[in-house]
Amino acid sequence: MEFRAIKGMNDILPDEARRFALVEAAFRRVVELHGFSEVRTPVLEPTELFVRSTGETSEIVEKQMFTLARDTESYTLRPEGTPGVARAFLNGSVHAKEPVTRWYYLGPMFRAERPQRGRLRQFHQAGCEVYGDAGPVVDAEIIDMLVGLLKELGISDVEVRVNSIGGPGTRQKYREALVAHLTPKKDSLSEHAQKRLLDNPLRILDSKDPRDREAVADAPSILDCLEPEDRTHWEGFLAALDALGTSYVVTKGLVRGLDYYTRTLFELVSNQGELGSQNTLLGGGRYDGMVHELGGPKLPAVGFAIGLERLLLASPLPAPAKASRCFVAPLGAAGLKASLAVARELRAAGIGTDLDGRGGSMKSMLRRADSLGARACLVIGDAEVESGQLQLKDLASHSQALCPRADVVRTVAELLASAPKANEAAR
Ligand code: HAM
């Protein structure tokens, strides 16, 4: 029997892993420039944490959690990073130590979705959370940071969608207006939306079902229902985006699928590369109620998460080339002993070095060096040990020279740093 990875949970083999590392490094660099520090939290959390924060009526909690029971406890593989990070923030009493906290995280998330391109059951997010800043400038600065990050990764065809769903007062008022609008059309709604009409009518706004789309087309806009403080925040947010020169599209149907959001909502969407229909690269917003809901003080918060797999589908950046390496080919017993010492010296000097201790002919050694993509090959046989002169082959130019044992590190380093000659590189 051959074991296969679970559907929707992919192996990331080395070439792809190098592309992941590339975007992760760009993410870390950019967010650290903006003052974010890394936090690492467990992948397994108490199920109740997600029920309380992500929300009982969210699709994630309703249908997508990987939950396991152990003894009398129920645990869930984190479907998103925000609740666990907020829990860590509270458990560490971080709010008592600093007025504003900026944290970032990277790691796998788990959702039992129907897998397709850009939608997986284990996927990776890179996210940021800010606690203690009521905005609205920070909301806009985060978006500007993200547009810059995507550009750096070669993704410039990006639409920034923004909306506000206000605070509890606004939402109560809007919920009533929306229910009044949809109730007469109830029978024409999808079954799912009919249920939503009772528990979370706002979610009907982002239904993909054509019947629901038609019913909400002329629905009142939440932006017309904003309470004065929510309106001030919204206008301040747009003014900050304008000041930054960040283009955006006000998208009144943008409600997002998590229950905790308040006020600012945003998504960055792209049609670049191989994204297909799952073209939302990242999403985020403000969630001023969560910290209190989890038992902490009333503290505003805002954040986002990027889907790394989607980012890689959109980004044209290739896997970075491997650094030039040296292959050490031992021939004979004395040659092997000397080779082990030389390989250790080269590595200690920071030169990537492969040594094949399986033995074999010179020809087979050179084949292995080639298949490993080595640029330099040092042949060390018993004769070389005796003469103190090692054979150094440049596998790009197919030339070779003798190299004194004492100079090996410097000579190999020089060869690896030199460009292959043009006519020879083309071969
Ligand atoms: P989200 O919109 O659920 O928000 O996910 C953010 C991003 O994660 C999506 O835009 C997408 O790129 C990626 N993503 C989500 N589900 C999948 C999947 N099944 N397969 C592949 N990629 C996926 C959140 O998770 C919030 N925690 C964001 C946030 C942070 N809001 C405030 N702070």
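Residues numbered from 1 in each chain as written. Predicted model: local features only at pLDDT ≥ 70, side-chain atom pairs only at ≥ 80, totals over all residues. Heavy atoms only, no water.

**Re the packing of helix α12 (residues 333–348) against helix α15 (residues 408–417)**
The description of two helices packed together rests on the angle between their axes and the distance between the axes. For the pair α12 and α15, the least separation of the axes is 10 Å and the interaxial angle reads 60 degrees. In terms of axis orientation, α12 runs oblique to α15. Judged by the sense of rotation from one axis to the other, the crossing of α12 with α15 is right-handed. Each of Val 342, Glu 345 and Leu 346 in α12 lies in contact with α15, whose residues at this interface are Val 408, Val 409 and Val 412. Here the contact of α12 with α15 is built from residues that sort into five nonpolar, no polar and one charged. (Axes fitted to C-alpha atoms, helices over the stretch in contact; angles between N-to-C directions. Helix = DSSP H or I, 4+ residues; strand = E, 2+ residues; numbered from the N terminus. Parallel < 35°, antiparallel > 145°, perpendicular 65-115°, else oblique. Left-handed = near helix turned anticlockwise from the far one by under 90°. Contact = heavy atoms within 4.5 Å. Nonpolar A, V, L, I, M, F, W, Y, C, P; charged D, E, K, R; others polar.)

**Remarks on the packing of aromatic side chains**
Per the stated rule, a full pass over the model turns up seven aromatic pairs. Here the aromatic rings of Trp 103 and Tyr 131 are separated by 6.3 Å at their centres, their planes lie at 85 degrees, and the arrangement is edge-to-face. Taken together, the positions of Trp 103 in strand β5 (residues 101–110) and Tyr 131 in strand β6 (residues 122–131) put the pair 28 residues apart, joining distant regions of the chain. Trp 103 sits in the buried class, given a relative accessible area of 13%. Aromatic side chains Trp 234 and Phe 237 sit 6.0 Å apart centroid to centroid with 45 degrees between the ring planes, which places their arrangement in the tilted category. One end of the pair, Trp 234, and the other, Phe 237, are both in helix α9 (residues 228–244), three residues apart, so they sit about a helical turn from each other. One exposure class covers both Trp 234 and Phe 237, and it is buried. An aromatic cluster is defined as three or more aromatic residues linked by ring pairs; in this entry it consists of Phe 89, Trp 103 and Tyr 131. (Phe/Tyr/Trp six-rings, centres within 6.5 Å; stacked < 30°, edge-to-face > 60°. Buried < 20%, exposed > 50% of the residue type's maximum accessible area, 1.4 Å probe, protein only.)

**Observations regarding the site of the ligand**
With respect to spatial proximity, 26 residues lie near the ligand, and among them Glu 80, Thr 82, Glu 113, Glu 129 and Tyr 261 are the closest. The separation between a nitrogen atom of the ligand and a polar main-chain atom of Phe 304 is 3.3 Å. Between the ligand and the protein, one listed contact pairs an oxygen atom with a backbone N or O atom of Gly 307 at 3.2 Å. Protein chains bury 95% of the 660 Å² of accessible surface belonging to the ligand in isolation. Elements supplying a minimum of two residues to the shell around the ligand: β6, β10 (280–286) and β11 (301–307). Sorting elements by how many residues they give to the shell around the ligand places β10 first, with six residues. Here the residues of the shell around the ligand are counted per class, giving 10 nonpolar, nine polar and seven charged. (Near = heavy atom within 4 Å. Polar contact = N/O pair within 3.5 Å; in protein donor to acceptor, adjacent residues only side chain to side chain. Areas by Shrake-Rupley, 256 points an atom, 1.4 Å probe, with all protein chains shown as cover.)

**A few points about the nonpolar core**
Among the nonpolar cores identified, the biggest contains 89 residues, and Phe 27, Tyr 131, Val 162, Phe 266 and Phe 304 are the most heavily contacted of them. Sorting elements by how many residues they give to this core places helix α5 (residues 137–152) first, with eight residues. Ranked by size, the runner-up nonpolar core spans 17 residues in total, among them Ala 338, Ile 351, Cys 403 and Val 408. (Core = buried A, V, L, I, M, F, W, Y, C linked by side-chain atoms within 4.5 Å.)

**Quick look at the sheet that holds strand β8 (residues 249–250)**
Strand order in this open sheet of eight strands is β1-β5-β6-β11-β10-β9-β7-β8, and the pairing throughout is mixed. Both edges of this open sheet fall to β1 (37–38) and β8, since each of them pairs with a single strand only. In this sheet, β10 lies alongside strand β9 (residues 262–270) in antiparallel orientation, the contact comprising six bridges. Paired with Phe 266 across the bridge in β10 is Gly 284. Strand contacts of α9: β7 (158–164), β8, β9 and β10, with the helix running at about 160 degrees to β7, the strand carrying the most contacts. (Pairing = 2+ DSSP bridges.)

**Here's the deal with the pairing of β5**
Looking along a regular strand, one sees the side chains alternate between the two faces of the sheet. Taking burial as the measure, the 10 residues of β5 include eight buried ones, the bulk of the element. Two elements, β1 and β5, share two bridges in a ladder whose sense is parallel. Across the sheet, residue Glu 38 finds its bridge partner in β5, namely Tyr 104. Judged from the 10 bridges that link them, β5 and β6 form a sheet pairing that is antiparallel. Following the sheet pairing, Gly 107 is matched in β6 by Gln 125.

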